[in-house]
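Descriptive structure summary
Residues per chain, in single letters:
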Amino acid sequence: MTNLMRTNDVQKFFDEAIGNFFNRSFPEVSRGWRPAVDVAEDANSMTFTAEVPGFEKNDINISVEDGVLSISGERSLERKDDEYHRIERRYGRFERNFTLPRNVDPEKISANLKNGLLMLTLPKREEAKPKQIDIEVH
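Small disclaimer: the values here were computed from a predicted structure and weren't measured.

About the cut-offs
Residues numbered from 1 in each chain as written. Predicted model: local features only at pLDDT ≥ 70, side-chain atom pairs only at ≥ 80, totals over all residues. Heavy atoms only, no water. Helix = DSSP H or I, 4+ residues; strand = E, 2+ residues; numbered from the N terminus. Buried < 20%, exposed > 50% of the residue type's maximum accessible area, 1.4 Å probe, protein only. Salt bridge = Lys/Arg side-chain N within 4 Å of Asp/Glu carboxyl O. Phe/Tyr/Trp six-rings, centres within 6.5 Å; stacked < 30°, edge-to-face > 60°.

This part is about the environment of Lys-114. Structurally, Lys-114 can be placed in strand S6 (residues 110-114). Residue classification places Lys-114 among the exposed residues on the basis of a relative accessible area of 57%. Residues Lys-114 and Val-52, 62 residues apart in the sequence, show an inter-C-alpha distance of 9.5 Å.

Structure (structure tokens):
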């Protein structure tokens, strides 16, 4: 965890230093972006929740191929004719890929988009779910 924190601190330092250098003269150029994704699991399913504010249903593509879940989309700069003093929101294409465990049933994946959150529910195959075994008393 310490190395990750150090890497993030270094990245933040360079982002701020470079951003401050160019801030007065040029808008920031988008270097690509990746929406944040939380992954949770319970006995019946896995849930992927991605932050995609401002996206509509038709702006996002979801697919599963060879056991890999892909979420992709693109956000365009809304008003290109304005003279921006600063651009902090990220624009352009994104793609996130996740290798799925074998116990997920790709035929039953569902997706819901609400308030800038994309929620994917990936049910587990019936044979992968834990089974409770009753004990008989004699």
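We note that Asp-66 has phi near 55 degrees; this positive angle belongs to a residue other than glycine. Checked against the element boundaries, Asp-66 lands in the loop between strand S3 (60-65) and strand S4 (68-75). Here Asp-66 falls in the exposed class, since its relative accessible area comes to 75%. Unusually for a residue other than glycine, Asn-115 sits at a positive phi of about 50 degrees. Given a relative accessible area of 74%, Asn-115 falls into the exposed group.

Inspection of every chain in the model, using the stated rule, returns four salt bridges. Of the charged contacts, one joins Arg-86 and Glu-88 as a salt bridge, the two residues approaching to 2.5 Å between their closest N and O atoms. The class of Arg-86 is partly exposed, set by a relative accessible area of 35%. A relative accessible area of 56% places Glu-88 in the exposed class.

The next point concerns the packing of aromatic side chains. By the definition in use, this model includes four aromatic pairs. Between Phe-55 and Phe-94, the aromatic rings sit 5.7 Å apart at their centres with planes inclined by 80 degrees, giving edge-to-face as the arrangement. Taken together, the residues Phe-55 in the loop between strand S2 (45-51) and S3 and Phe-94 in strand S5 (residues 92-99) connect sequence positions 39 residues apart. On the accessibility criterion, Phe-94 (2% relative accessible area) is buried. Each member of the aromatic cluster is reached from another via a ring pair, and the members are Trp-33, Phe-55 and Phe-94.

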